[in-house]
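# Structural features, examined
Take a look at the letters that make up each chain.
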Amino acid sequence: MGNSIPDNDESRELGDWQPRNLPAAYKVGVPPRKNFVNEFTERVKETFFPDDPLRAYKNQPKSKQFLLGLQSFFPILSWAREYNLKKFKGDLIAGFTIASLCIPQDIGYAKLANLDPQYGLYSSFVPPLVYAVMGSSRDIAIGPVAVVSLLLGNLLQDEFDPNLNKEEYHRLAVTATFFAGVTQAALGFLRLGFIVDFLSHAAIVGFMAGAAITIALQQLKGFLGIQNFTKETDIISVMKSVWGSVHHGWNWETIVIGTSFLAFLLLAKYIGKKNRSLFWVPAIAPLVSVILSTFFVYITRADKHGVQIVKKIKKGINPSSVHEIYFSGSNLGKGIKIGVVSGMIALTEAAAIGRTFADMKGYQLDGNKEMVALGTMNIVGSMTSCFIATGSFSRSAVNYMAGCQTAVSNIVMSIIVLLTLELITPLFKYTPNAILASIIINAVIGLIDYDAAILIWKIDKFDFIACMGAFFGVVFDSVEIGLLIAVSISFAKILLQVTRPRTALLGNLPRTTIYRNIEQYPEATKVPGVIIVRVDSAIYFSNSNYVKERILRWLREEEEKLKEDGLPRINFLIVEMSPVTDIDTSGIHCFEDLYKNLNKREIQLLLANPGPIVMEKLQASDFTELIGHDKIFLTVGEAAMSCAPKVIEEV
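Conventions we followed
- Residues numbered from 1 in each chain as written.
- Predicted model: local features only at pLDDT ≥ 70, side-chain atom pairs only at ≥ 80, totals over all residues.
- Heavy atoms only, no water.
- Buried < 20%, exposed > 50% of the residue type's maximum accessible area, 1.4 Å probe, protein only.
- Helix = DSSP H or I, 4+ residues; strand = E, 2+ residues; numbered from the N terminus.
- Pairing = 2+ DSSP bridges.
- Right-handed = clockwise from strand over helix to strand, strands pointing away.
- Expected span 1.5 Å × (residues − 1).
- Contact = heavy atoms within 4.5 Å.
- Polar contact = N/O pair within 3.5 Å; in protein donor to acceptor, adjacent residues only side chain to side chain.
- Axes fitted to C-alpha atoms, helices over the stretch in contact; angles between N-to-C directions.

## Some details on the pairing of strand β5 (residues 530-535)
Most of β5 is tucked away: six of the six residues are buried. Every second residue of β5 is oriented toward a common face, with Val-530, Ile-532 and Arg-534 on one face and Ile-531, Val-533 and Val-535 on the other, all of them buried. Of the pairings in the sheet, the one linking strand β3 (residues 503-508) to β5 comprises three bridges and is antiparallel in character. Considered in β5, the bridge of Thr-503 is made with Val-535. Note: β5 against strand β6 (residues 572-576), five bridges, orientation parallel. The residue of β6 that forms the bridge with Val-530 is Phe-572. In this fold, the crossover linking β5 to β6 by way of helix α24 (residues 544-565) has right-handed handedness.

## Points about helix α22 (residues 461-476)
With 16 residues, α22 should cover 22 Å at 1.5 Å per step; its first-to-last C-alpha distance of 22 Å lies within 8% of that length. Turning to α22, its buried residues number three or more, namely Asp-463, Ala-466, Cys-467, Gly-469, Ala-470, Phe-471, Gly-473, Val-474 and Val-475. Buried residues along α22 sit against α11 (201-218), α13 (235-244), α21 (450-459) and α23 (479-499). Of the residues flanking the start of α22, the one acting as N-cap is Asp-460, its side-chain oxygen 2.9 Å from the backbone nitrogen of Phe-462.

## Thoughts on the sheet that holds strand β4 (residues 515-517)
Pairing within the open sheet is mixed, and its six strands lie in the order β4-β3-β5-β6-β7-β8. Edge strands, defined here as strands with exactly one partner in the open sheet, are β4 and β8 (632-633). Relative to β8, strand β7 (residues 604-608) runs parallel, the two being bridged by two bridges. Paired with Leu-607 across the bridge in β8 is Ile-632. Running over the sheet, helix α28 (residues 636-643) touches β4, β5, β6, β7 and β8 and is turned about 170° from β6.

## A short note on the environment of Ile-235
Counting through the fold element by element, Ile-235 comes out in helix α13. Given the relative accessible area of 22%, Ile-235 is considered partly exposed. Sequence spacing of Ile-235 and Ile-213 is 22 residues, and the spatial spacing of their C-alpha atoms is 8.6 Å. With near-sequence residues (within four places) excluded, Ile-235 lies in contact with Leu-217, Val-475 and Phe-476.

Structural data, given as structure tokens:
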């Protein structure tokens, strides 16, 4: 080994290394004192920057730095130089494919947000163009999505009735979209994307499944042809409304149309899953359904027999809506509140989708740049009569399977939507609402992930509680309550883990100097007269008292066992500190109290392998002087050797 001291605890214990009589300061690897400003700067960089964002700019001429800066904000400048005809072919096919899927979906999602159908198409025209220039994902397809549309619609109708106050409702929608974009962009600029991660995967699974059922239930109005339908979203109110109108509100022609085409859509989806090369079948099925059902209604004039139809979609591209955004007055606060909530959910969905496909294709995605891109497209969208757009999982999956190469597929989709707005919208006049309901039901079924829920149950029961809490909150109350429950349970789990860290009792593995958790390794033996406790967390004000009480509880339980068996008392308590990544003043006071408590019992406190940050703070607080430098060791093995060398040698 020479004169070097290994940095890795395992390398010392597994090799032929033997404890040496080194000065304690060398044993624990005391770091040099740092300048406060430098230390603070390093901590800030570690917190907000997982990488060095300025690394690419170092040692570069000003012109190169300017170009890199532009590429950072507009990634299209980077990949466009390598764009070729082969890539365009893939993007062209993918763009046409997702356009055939998005057009009927957009009309349905606009209705879900209680907006006129054209607003859904607007939201698949402008935002995808902005994202194609600023986004870094090659696969994500931009547009309205079911969950965000439902959430936005519910929050908006709490403020204005979409039928009685149509103008105010629309103005609040674009205001919410503006502030959703501001929220997303601000999180990206400030590199606060980690806030999105506070909503756990389990909570998202439950929330999405609950939202899917709620959305499907909302579609029963169009699916069954019911005229008067509840505005509530909980399952009890919806089912009361459905069964209450069974004798006078259901329309059998509508039910036939809805059921027939829902069966067709489900069959198309099944074909696409069974044979991945036929991905285009479920992709074009919604548009085919719209064309066939519209033609059927037109030639039979089923609208004269109670079949509800779209009637009219306004022709032309997005009108400006800058003047409609509330920048003052009482509605400003409402718009900010709705925008922040809806924007965060949209951001969470887009982040999950972007990471999924980036991992599948093996490229890196900068989450903060993605937030800036998503935020900017919604800000621009709010000024062009769009409502909140984000990444759509169903469209992104189709985009991926269709062979997209870059964000140009979004541009192709946007151009097709533009042509639809300019030329084709009058043809949707006789499109039955039942087919839109069928398309939405077919789309949201995929949000119910049974396998993920079962896996969550197997892995972590607390996660499963979060999952079910979010699910039942959405289904039995509202999307907002489900979201609140999901966030609350996620925070509760974080608080529980922070305030109640794990501790473990360690024992010696026979014929080694390795010490491991005796629950995990039953063959590990306790050292006579010594108790060894490992703390598996940083020690802060929130958990310091619990750590101290838990260590003393381990000690008390061991003393009671030894007393019952008539064995020698405990003389040493070793705290294994390698998992303790940080400690604050409360944590240090906790160890001071523990030291005093043990002194009264005539038990010596020893520390094993505190990390550099922890060691620096122990030194700064003079705790190392209090406990003694000779009571701090590199490894548990050394500490145990110093307590009972003869016993260790026999082992």
